[in-house]
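Okay, here's what each chain looks like letter by letter:
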Amino acid sequence: MANSKFEYVKQFEQMQNLLPNTYIVVRIDGKGFHKFTKSYEFEKPNDEQGLKLMSFSACVVMETFPDIQIAYGQSDEFSFVLKKDSELYSRRSDKIATCVCSTFTSVYTFNFEKFMKKPLQFPYIPIFDARCVCYPDLQNIRDYLSWRQADCHINNLYNTCFWGLVQKGMNKQEAEKTLAGTNAGDKNELLFSKLGKNYNNELEMFKKGTTIIRYPTQERVNLKVELDVDSKEQQKLNKKQKKKQKYKELNQQELNQLPNQQKEDLQVKEFYVDIIKDNFWIENKAYILL
């Protein structure tokens, strides 16, 4: 950039660099999504295609930014966790937040009609905000993600009851009054006795949200190479395939030591599981580079 007498104005810029050696969580939230989803007649209490669009957008964000190790989303929000030693954009808070948010928003907007089967129309367009928060250790990250999943369960159970009552003929005020002061057991009983629903039968995506990590998909792990090639080339392909199969036997330390080209063989994969308990973290410790 050429120097000029006006360049002094750069001195007014205040850049916030996030603390080093901490995990960075970028959480994006939909702005005014109550009105937005109403405008496009999203299904209540959950719109499966709408949630799949959110997850698809999050997967593209993870593919775009390799420093993101795990993501979790529910409703109109998604959280992205960057590894501790990330130097993405020199850890500038505004740069990280705006780039992650704008990538997510552009993918969501571009693919809206494909998922929802209706075009976007101004002024009802999707808008997301973003913030960056630093956490010092893995336990904090697990507690953060547990908080978001607990929020998903609480909100979904309430919304399933609320919209079930509305769809049965109650107005919204009556439904709110009916649910006031109820606990989880009361809501489950209400669903079963008044609405004929078993909450356990609801889609796991609705109850547990979506978790995304880098993972060798079953197709990639068990892929059998059947190509018309000479024996030497076939041996090379088989050798490469055996390396991929070893991913399942790697522990976290070994995976961290893999060359970058092997790490790139891991692809983003969605899970609808309990991430509050230890099982998910134990089973996938080789693929969650935290």
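- Per an unreviewed UniProt entry, the recorded name for the protein chain is tRNA(His) guanylyltransferase, and the organism is Paramecium octaurelia.
- In UniProt, the protein chain has this text filed under Function (unreviewed entry): "Adds a GMP to the 5'-end of tRNA(His) after transcription and RNase P cleavage."
- As recorded by UniProt, the Cofactor (unreviewed entry) comment attached to the protein chain reads in full: "Mg(2+)".

## Looking at the pairing of strand E5 (residues 210-215)
- The buried fraction of E5 amounts to six of the six residues, a majority that puts the element mostly inside the structure.
- Residues of E5 alternate between two faces, with Thr210, Ile212 and Arg214 on one and Thr211, Ile213 and Tyr215 on the opposite face, all of them buried.
- Strand direction decides the pairing type here: strand E2 (residues 68-74) and E5, joined by four bridges, are antiparallel. Counterpart to Tyr72 in the pairing with E5 is Thr211.
- For E5 and strand E6 (residues 267-271), the ladder comprises five bridges, and the chain directions are antiparallel. Paired with Thr211 across the two strands is Phe271, which belongs to E6.

## Here's the deal with the packing of aromatic side chains
- In the structure shown here, the tally under the stated rule is 24 aromatic pairs.
- Consider the rings of Tyr135 and Tyr144, whose centres lie 5.5 Å apart with planes at 45°: the pair is tilted. For the pair shown, Tyr135 and Tyr144 are each scored as buried.
- Here the aromatic cluster, defined as three or more aromatic residues joined through ring pairs, consists of Phe33, Phe36, Tyr40, Phe42, Phe78, Phe80, Phe104, Tyr108, Phe112 and Phe128.
- A cation over a ring is seen here: Lys114 above Phe56, with NZ or CZ 5.7 Å from the ring centre.
- Here Lys207 stacks its cationic end above the ring of Tyr199, 6.0 Å away from the centre of that ring.

Basis of the calculations
- Residues numbered from 1 in each chain as written.
- Predicted model: local features only at pLDDT ≥ 70, side-chain atom pairs only at ≥ 80, totals over all residues.
- Heavy atoms only, no water.
- UniProt positions renumbered as here; feature names shortened; annotations may be inferred.
- Buried < 20%, exposed > 50% of the residue type's maximum accessible area, 1.4 Å probe, protein only.
- Helix = DSSP H or I, 4+ residues; strand = E, 2+ residues; numbered from the N terminus.
- Pairing = 2+ DSSP bridges.
- Phe/Tyr/Trp six-rings, centres within 6.5 Å; stacked < 30°, edge-to-face > 60°.
- Lys NZ or Arg CZ within 6 Å of the ring centre and 35° of its normal.

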